[in-house]
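Examining the three-dimensional arrangement
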Amino acid sequence: MTDYYDLTYSELREKLAVIGEKPSRADIIFPVIYGMNGGSLTDSGLKKETLEKLSGNFFCGELECISTLTSETADKFLFQLRDGNTVESVLMKHEFGYNVCVSTQVGCNMGCKFCASGQLKKVRDLSLSEMTGQLLAVRKKLGQKITGLSIMGIGEPLDNYENVLRFISVAMYQKGFDIGAKHITLSTCGLVPKIYELAGAENPVNLAVSLHAPDDELRRSIMPSAKKYSLAEIIKAARYYSERGNRRITFEYVMLSGVNDSDECAEKLASLLKDINGYVNIIRYNPTENPPFTCSPHERIMSFYDILKKNGIGVTMRRELGASVNAACGQLRASAITDRKGVNIP
Ligand code: SF4
């Protein structure tokens with residue numbers, strides 16, 4: 001039996017052909033299973049024999065939500081997967097719509113020191129159905145269309161490249177979630193070869209690069225995975241991505257007090273990013289349990305912001321929608337594991 005949600009539209013067409021059904025039935029099935037009231041094909045107009053054949057070969061899987069944290073501006077969901085592992089999603093409630101941040105892996109091997117997920121280590125990649133399942137479950141609870149997708153929850157999306165690309169194609173399917181490429185952002189810590197691959201992919205989406213430091217030495221001290229690719233290589237790849245798709249790149253920068261927030265860091269960052277079609281998104285550090293860092297004070301953040309501006313670099317500051325629901329990636333999962341095992345995540 002195959003989970004419908006483990007198939008892209010074209011894969012469903014192929015599977016239907018294999019069981020002797022017309023591939024064009026996918027045009028009926030996909031809108032139903034991904035529609036707002038989705039799931040049941042009973043009223044789809046398909047003949048009884050076809051429905052029986054389909055139910056003998058396919059099923060609609062669902063993710064089990066085991067915990068939620070709700071606030072006015074964001075809801076956080078903890079899902080239990082079939083093998084007992086857990087992942088998180090966050091629903092951000094903006095004035096202009098609803099954005100869902102999904103996870104792509106159980107844990108993450110990138111080991112960023114400011115991130116709760118990086119301390120949990122990667123267990124495995126998520127399947128397509130485990131990613132679409134997050135969107136389906138959040139939309140079911142919300143009861144409204146999801147307008148934006150951030151692929152920046154637990155995990156490094158480009159380390160689960162094929163499944164993430166398949167997921168993007170499902171999220172964009174017009175009779176389903178219908179989220180346009182312009183409203184999808186994928187965040188990477190900088191897996192250079194995959195950035196080039198994504199630039200040539202069928203559905204290139206917005207790219208966010210987690211920089212967090214303006215030079216290699218500092219970056220490697222807080223992002224161990226940064227040892228593999230230098231900032232020069234990452235910026236070159238980001239520039240290529242931007243020019244190929246005419247897209248503005250987001251450079252994420254988390255403010256860690258006394259670590260990466262000096263005026264000198266801001267000057268270096270400005271010179272690193274000059275002449276690139278991009279902007280810096282300054283993020284206030286959202287401390288986890290036993291935090292290894294503290295967030296930079298407001299005045300320091302403003303000084304950093306002003307220097308970037310003065311140097312002609314576009315800057316935004318991420319609204320703290322998620323802070324009240326522990327929305328630093330991996331926090332809900334980390335605390336659930338802590339509760340279960342009765343130990344603290346290091
Ligand atoms: S910030 Fe992203 S890439 Fe780094 S450890 Fe956390 S989930 Fe992984």
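Just so we're clear, the structure is a prediction, and the values are computed from it rather than from any experiment.

Turning next to the overall build of the protein chain. Secondary structure summary: the protein chain contains eleven helices and 14 strands in total. Compactness check: the protein chain gives a C-alpha radius of gyration of 21 Å against a globular reference of 20 Å for 346 residues, within 12% of the reference. Considering the protein chain as a whole, with its 346 residues, one finds that 40% of them fall into the buried category. Excluding contacts between residues fewer than 6 apart, the proportion of contacts in the protein chain whose partners are at least 24 apart in sequence is 69%.

Once that is clear, we can look at the packing of helix α6 (residues 192–199) against helix α8 (residues 231–245). The interhelical angle for the contact between α6 and α8, taken along N-to-C directions, is 5 degrees, at an axis separation of 9 Å. When the interaxial angle is binned, α6 and α8 end up roughly parallel. Residues Val 192, Ile 195, Tyr 196 and Ala 199 of α6 pack against Glu 233, Ile 234, Ala 237, Ala 238, Tyr 240, Tyr 241, Arg 244 and Gly 245 of α8. Residue classes in the contact of α6 with α8 are distributed as nine nonpolar, one polar and two charged.

Interfaces are often sized by the accessible area lost when the parts come together. Entries for the protein chain in the domain assignment read domain 1 (2–59) and domain 2 (64–341). Taken over C-alpha atoms, the centre of domain 1 sits 33 Å from the centre of domain 2. Tallying the contact residues gives eight residues for domain 1 and twelve residues for domain 2. Its residues assigned to classes, the side of domain 1 that touches domain 2 shows five nonpolar, one polar and two charged.

On to the pairing of strand β6 (residues 97–101), then. Two elements, strand β5 (residues 86–94) and β6, share five bridges in a ladder whose sense is antiparallel. Bridge pairing in β6 places Leu 91 opposite Val 100. In terms of strand pairing, β6 meets strand β9 (residues 148–151) through three bridges, oriented parallel. When the bridges of β9 are listed, Cys 101 appears paired with Ser 150.

A few words on the environment of Gly 61. Counting through the fold element by element, Gly 61 comes out in the loop between β2 (58–59) and β3 (64–70). Distance from Gly 61 to Asp 3, taken between C-alpha atoms, is 5.8 Å for residues 58 residues apart in sequence. Sequence-distant contacts of Gly 61, that is, excluding residues within four places in its chain, are made with Asp 3, Tyr 5, Ser 129 and Gly 133.

On to the sheet that holds strand β12 (residues 249–255), then. Pairing is mixed across the open sheet formed by ten strands, whose spatial order is β3-β4-β5-β6-β9-β10-β11-β12-β13-β14. Each edge of the open sheet carries a strand with a single partner, namely β3 and β14 (314–317). Between one strand axis and the next, the sheet turns through 25 degrees on average, direction left out of account.

In this section: the confidence of the model for the protein chain. Mean pLDDT for the protein chain: 89, with 90% of residues reaching 70 or above. Across the protein chain, element-level confidence peaks in helix α9 (residues 263–273) with a mean pLDDT of 98 and bottoms out in helix α11 (residues 331–341) with 44. Note on residues 324–328: pLDDT under 50 across the span, and 20 contacts to partners over four residues away in sequence or across chains.

We now examine helix α4 (residues 128–142). With 15 residues, α4 extends 21 Å from end C-alpha to end C-alpha; this agrees with the ideal 21 Å at 1.5 Å per step. All of the buried residues along α4 are Leu 128, Ser 129, Glu 130, Met 131, Thr 132, Gly 133, Gln 134, Leu 135, Leu 136 and Val 138. Elements in contact with the buried residues of α4: β1 (2–3), β4 (74–80), β5, β6 and α5 (161–172).

What follows covers the environment of Asp 216. Within the secondary structure layout, Asp 216 lies in helix α7 (residues 216–222). The spacing of Asp 216 and Ala 226 is ten residues in sequence and 7.7 Å in space, taken between C-alpha atoms. Residues within four places of Asp 216 in sequence aside, it is in contact with Ser 230 and Leu 231.

Parameters at a glance
Residues numbered from 1 in each chain as written. Predicted model: local features only at pLDDT ≥ 70, side-chain atom pairs only at ≥ 80, totals over all residues. Helix = DSSP H or I, 4+ residues; strand = E, 2+ residues; numbered from the N terminus. Rg over C-alpha atoms; globule rule 2.2 N^0.38 Å. Buried ≥ 20, exposed ≤ 12 C-beta atoms within 10 Å, placed from the backbone. Contact = placed C-beta atoms within 7 Å. Axes fitted to C-alpha atoms, helices over the stretch in contact; angles between N-to-C directions. Parallel < 35°, antiparallel > 145°, perpendicular 65-115°, else oblique. Nonpolar A, V, L, I, M, F, W, Y, C, P; charged D, E, K, R; others polar. Domains from an automatic or database assignment. Pairing = 2+ DSSP bridges. pLDDT = per-residue confidence, 0-100. Expected span 1.5 Å × (residues − 1).

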